[in-house]
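# Secondary and tertiary structure notes
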Amino acid sequence: MPGVTAGKRIARYNSAMATLEYRTAGESHGAALIVLVEGLPAGVRVDLELINSELKRRQGGFGRGGRQHIEKDEVSVLSGVRGRETIGSPIALQIGNKDVRIDQAPAIHRPRPGHADYAGAMKWLTTDCRSTLERASARETAARVAAGALAKCLLRDFTVEAIGFVVQIGPERGTIDSEATAAELRMGRDSNEVYCPDNAAAPRMIEAIKAAKQNKDTIGGIVETRVFGCPPGLGTCVRWQDRLDGRLMAAVGAIQAFKGVEIGLGFGCAERPGSKVHDEIDFVASQRDRANVGFVRRTNNAGGLEGGMTNGMPIVVRGVMKPISTLLRGLDSVNLETLQPERSDYERSDICAVPAASVVMENVVAFEVARSFVDKFGGDTLREVRAAYEHYLQAARELPLPGRS
Ligand code: EPS
């Protein structure tokens, strides 16, 4: 078994192809969003309720606009699943749009500063920003959430759980216990409309969103995802492309409207000396049977990642979302047809989509972790992935080998 896995991995390095991958297609007001997931092993139980409940959470959160009253996002499985289990072939998921009017929607000539409008108009040599905004719209994140939720169906077989939540909206910051368990975080964030585990901060965040609405303005914030249950050694320091820290930052940084990503202490590393940053190591024999194989850290400033690999502590990733660039009050812009100064166009939009962004982030992070799992333990079937996973943990627990230094 380990020989088979190693052989597969060498073949992958030669072709420089990741084993688990996804692509999306679809426009905001086109017929549907599509996601194609390749590389999930056969035998994974596909939990449609889980996928649909993640799509529903993405549609929610205080501060969302009118579109979410029109749509009811649900996936149809077009391929790759038989009797609710993956069969190893590409999985195509579809989320239909109800508000289909891409051919009737008006041209947009006054680009919204902060949106893809202007850059896309120049890129595709047009004065009409409509085609750009249709694809750039954060509606596409529904497809990414579906892919991530599908990947979670693999992760939960290994009791790996990603929990995303809101840390800050505008100036209102929540206090979130760094030692909180997955269950505590989930319960806390599911008990208010801004998906923040700090229930005392949630009403202040809601007030900040209401104030932005009153000012015909928008508001951004910070979201975080923690991943519990990863063994050490996911990711690699060998190929920069496969470093898990880089992949996570790329996946999070590529979410619409995200302007910064940090892992663990992140930018806070700058102001402290090494002795106050690096997480000292203990061996706790009573935790030998856990996925961390008994090695624990007194702190988790590294956010569970060292050298591009997991170290057995929870992964902690944070991202900042800028305020939505469609403002009811508009912003100064230029009419691309007349070249005259005008206010930017208004399209129906959200006042604040930070809670929704926490769902998107959780799911794109889950996908990257699942990919690193398949990279390390990959096989054609879930049985082989499980056998490789167990073999690896057992080998790690057998260290140090007798008679070897
Ligand atoms: C979104 C759907 C969109 C926007 C938003 C996200 O719907 P519509 O444009 O029809 O109102 O509400 O998109 C943007 C923030 C954007 O910049 O385009 C969704 O489903 O998440």
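The rules behind each value
- Residues numbered from 1 in each chain as written.
- Predicted model: local features only at pLDDT ≥ 70, side-chain atom pairs only at ≥ 80, totals over all residues.
- Heavy atoms only, no water.
- pLDDT = per-residue confidence, 0-100.
- Helix = DSSP H or I, 4+ residues; strand = E, 2+ residues; numbered from the N terminus.
- Contact = heavy atoms within 4.5 Å.
- Pairing = 2+ DSSP bridges.
- Axes fitted to C-alpha atoms, helices over the stretch in contact; angles between N-to-C directions.
- Near = heavy atom within 4 Å.
- Polar contact = N/O pair within 3.5 Å; in protein donor to acceptor, adjacent residues only side chain to side chain.
- Areas by Shrake-Rupley, 256 points an atom, 1.4 Å probe, with all protein chains shown as cover.
- Nonpolar A, V, L, I, M, F, W, Y, C, P; charged D, E, K, R; others polar.
- Disulfide = S-S within 2.5 Å.
- Buried < 20%, exposed > 50% of the residue type's maximum accessible area, 1.4 Å probe, protein only.

## Focus: the confidence of the model for the chain
- Per-residue pLDDT for the chain has a mean of 95; in total, 95% of the residues score no lower than 70.
- Averaged pLDDT values over the elements of the chain bottom out at 46 in helix 1 (residues 2-15) and peak at 99 in strand 9 (residues 221-228).
- Counting contacts from residues 10-18, a segment whose pLDDT is below 50, to residues more than four positions away or on other chains yields ten contacts.

## A word on the sheet that holds strand 6 (residues 91-96)
- Read across the sheet, four strands follow the order 1-2-6-3 without closing on themselves; strand pairing throughout is antiparallel. Of all strands in the sheet, those bounded by a partner on one side alone are strand 1 (21-25) and strand 3 (75-77). In this sheet, adjacent strand axes meet at a mean angle of 20° when their direction is disregarded.
- Contacts from helix 2 (residues 48-59) reach strand 3 and strand 6, with the element oriented near 150° to strand 3.
- The strands touched by helix 6 (residues 141-155) within the sheet are strand 1, strand 2 (32-38), strand 3 and strand 6, with strand 2 carrying the most contacts at an inclination of about 35°.

## Section: the site of the ligand
- In the neighbourhood of the ligand, 13 residues make up the surrounding shell, with His29, Arg58, Arg67, His115 and Arg348 lying closest.
- His115 places a side-chain nitrogen or oxygen 2.9 Å from an oxygen atom of the ligand.
- Burial of the ligand by the protein chains amounts to 94% of its free accessible area of 470 Å².
- The residue makeup of the shell around the ligand, split by class, is two nonpolar, five polar and six charged.

## Let's talk about the sheet that holds strand 7 (residues 161-169)
- Strand order in this open sheet of five strands is 8-7-9-15-10, and the pairing throughout is antiparallel. Each having just a single partner strand, strand 8 (172-173) and strand 10 (258-263) make up the two edges of the open sheet.
- Bridging between strand 7 and strand 9 involves eight bridges; their strand directions are antiparallel. Paired with Ile169 across the strands is Gly221, a residue of strand 9.
- Of the strands in this sheet, strand 7 and strand 9 are in contact with helix 7 (residues 182-189), which crosses strand 7 at around 45°.
- Running over the sheet, helix 8 (residues 202-214) touches strand 7 and strand 8 and is turned about 60° from strand 7.

## Observations concerning the state of the cysteines
- Within the structure shown, the criterion is met by zero disulfides.
- There is no disulfide at Cys230, and the cysteine sulfur nearest it, in Cys153, is 16 Å away.
- Of the residues examined, Cys230 reaches a relative accessible area of 2% and is grouped as buried.
- Counting only cysteine sulfurs, Cys196 is the nearest neighbor of Cys352, a cysteine outside any disulfide, at a range of 12 Å.

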